[in-house]
Amino acid sequence: MLKLLIILLVSSGLVSCDQSPQRPIGTTNSSISPLRPANDSITIKKGEVKSGQGLFQALKSISIENVWALKLINQLRDEVEFSKIKVGDKLEATFKNEELIKFSFSQNPVETHTVTYDKKQGKWEYSLETLETFWRPRTLEGELRPDSTLEGDLIAEGLDRSVVNEVVNVLLCKVNFRMNARKGDRYKVLLSEQIFEQRVVGTKVLFTSYEGKRAGKHEAFFYEDQEKGSTYTAHYTENGQALINSGLRYPLSRLHIRSSYGWRTHPVTGRRAMHRGVDLRGRVGEKVHAVAAGKVVISSYNKYAGNKVGIRHKDGSTSYYYHLSKRGVKVGQWVRSHQVIGRVGATGRVTGAHLHFGFKRPNGRWMDPLNKRMIATPKLSGEKFSKLTFQIAMIRGTLADLEMSKQSKYLVARINDLNILPEREDKLAKLTNFITEL
């Protein structure tokens, strides 16, 4: 009897479950399924690089873990020079249901680099947003006082430290300030300032001059090559001599650092390792040049460096070029400065095409190749020198226009102070308006 009762109770329970009304497909329930949220949850986290932080630490501060940080950096390193990351750079991450779908990085108020995940294609898409700005010329000039320096005077004018360093470093190529700077020396600087919402967000130093009894007279002009990131974009004398403290020629015609020298998270293994060189962005097949004259001591292949070339130079140092698609020189061959020695490739252990450029000191120790100083500075010639000449003419024209503007304002001020006969007021007013418009 007891068994029969249990069977009846169980049967009634099964019937009640089966008879519960079924929910049509597409209707919602008050409880959220753990497999699929009822509503997409969008979360945006913003941050900025803080003092003492590296890029990975900054990304982690907005909830981006190292595995995703590595993917983002690999996506952006051809567009953004992370070697120039600084305090205050802005970061923003967008998450959908706790999954990263968008990341933005900005090093100034007018440019934002963004990567967005395309789920259908299963890849990240890059975009660059640039806000509208305008460029305004401005001159600074003055005379050294008994207790002043060029550096101190420019800082007092409110210039950013990086701009001041650029002016001083250019003139240091010609002027020994410690020995030859004197009271009464005159200087002049022409700036082109990028303006956004009445703020200076970028500055180009177009012209610098310095003149003194001991120092002599020196002028420097900014040459801007058409190709973005060109290593020829620099300051030159009027005859085309480059004013660069380090005369080392770079191995590519443009300079964009994908990964700097020092400790880093390896882009392939994800492990922290010492990077004994710099990775430079380059297209497959792009020419690779010897940075200085020397003898080829390595021309071989291995599974890590791929096709590689090593050149020993006259001072005993050795330059290295890895991941080449082709090697154009042989061991024992002598090469001249800027000679083509190979082509950019993606051989060996890499995530994409680039050139790994390394340098060893004469004692065999690795060093940051961008700190190498040794060879005479390059000089522009041919088409590039013609472009420099044209740009110098434009710079001199701008200087003349700004000087005329100053004189016009002074002339108008003086005219307004004069006692004017009534019958001449109308004609003079028209003249004043004409001069003011200059």
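Structure first, text after, so check above.
Bear in mind that the values here come from a model prediction, so they are computed numbers and not experimental data. (Residues numbered from 1 in each chain as written. Predicted model: local features only at pLDDT ≥ 70, side-chain atom pairs only at ≥ 80, totals over all residues. Heavy atoms only, no water.)

**Here's the deal with the overall build of the protein**
Item 1. A count of helical and extended segments in the protein gives eight helices and 22 strands.
Item 2. Considering only residue pairs separated by 6 or more positions, the protein has 59% of its internal contacts joining residues 24 or more positions apart.
Item 3. Accessible surface computed for the protein: about 26700 Å², of which carbon and sulfur atoms make up 51%. (Helix = DSSP H or I, 4+ residues; strand = E, 2+ residues; numbered from the N terminus. Contact = heavy atoms within 4.5 Å. Areas by Shrake-Rupley, 256 points an atom, 1.4 Å probe, with all protein chains shown as cover.)

**Considerations on the pairing of strand β12 (residues 262–265)**
Item 1. Where β12 lies against strand β13 (residues 272–275), four bridges are found, and the strand directions are antiparallel. Residue Thr265 lies in a different strand from β13, and its bridge partner there is Arg272.
Item 2. The antiparallel hairpin formed by β12 and β13 contains six residues in its connecting segment, where Gly270 sits at a positive phi of about 80°. (Pairing = 2+ DSSP bridges.)

**Describing helix α5 (residues 161–172)**
Item 1. Taking 1.5 Å per residue as the helical rise, α5 with its 12 residues ought to reach 16 Å, and the 16 Å between its terminal C-alpha atoms agrees with that figure.
Item 2. Taken together, the buried residues of α5 touch α4 (150–156), α6 (177–180), β7 (186–196), β8 (199–212), β9 (216–223) and β10 (234–236). (Expected span 1.5 Å × (residues − 1).)

**Considerations on the side chain of Ser299**
Item 1. Secondary-structure assignment places Ser299 in strand β16 (residues 294–302).
Item 2. Only 2.8 Å separates the side chain of Ser299 from the backbone oxygen of Val329, close enough to count as a polar contact.
Item 3. Not counting the four nearest positions on each side in its chain, Ser299 is found in contact with Lys308, Val309, Arg327, Val329, Lys330 and Val331. (Polar contact = N/O pair within 3.5 Å; in protein donor to acceptor, adjacent residues only side chain to side chain.)

**Concerning the environment of Val164**
Item 1. Mapped onto the secondary structure, Val164 falls in helix α5.
Item 2. Expressed as a C-alpha distance, the spacing of Val164 and Leu150, which sit 14 residues apart in the sequence, is 8.9 Å.
Item 3. Setting aside chain neighbours within four positions, we find Val164 in contact with Glu151, Leu154, Ile155 and Leu159.

**Some words on the sheet that holds β7**
Item 1. Pairing in this open sheet of five strands is antiparallel, and the strands run β6-β7-β8-β9-β10 from one edge to the other. Lying at the two open borders of the sheet, with one neighbouring strand each, are β6 (134–143) and β10. For this sheet the average axis-to-axis angle between neighbouring strands, irrespective of direction, equals 25°.
Item 2. Across six bridges, β8 lies against β9 in antiparallel orientation. By the bridge assignment for β9, Gly212 is matched with Gly216.
Item 3. α5 rests against β7, β8, β9 and β10 of the sheet, and its axis sits at about 25° to β8. (Axes fitted to C-alpha atoms, helices over the stretch in contact; angles between N-to-C directions.)

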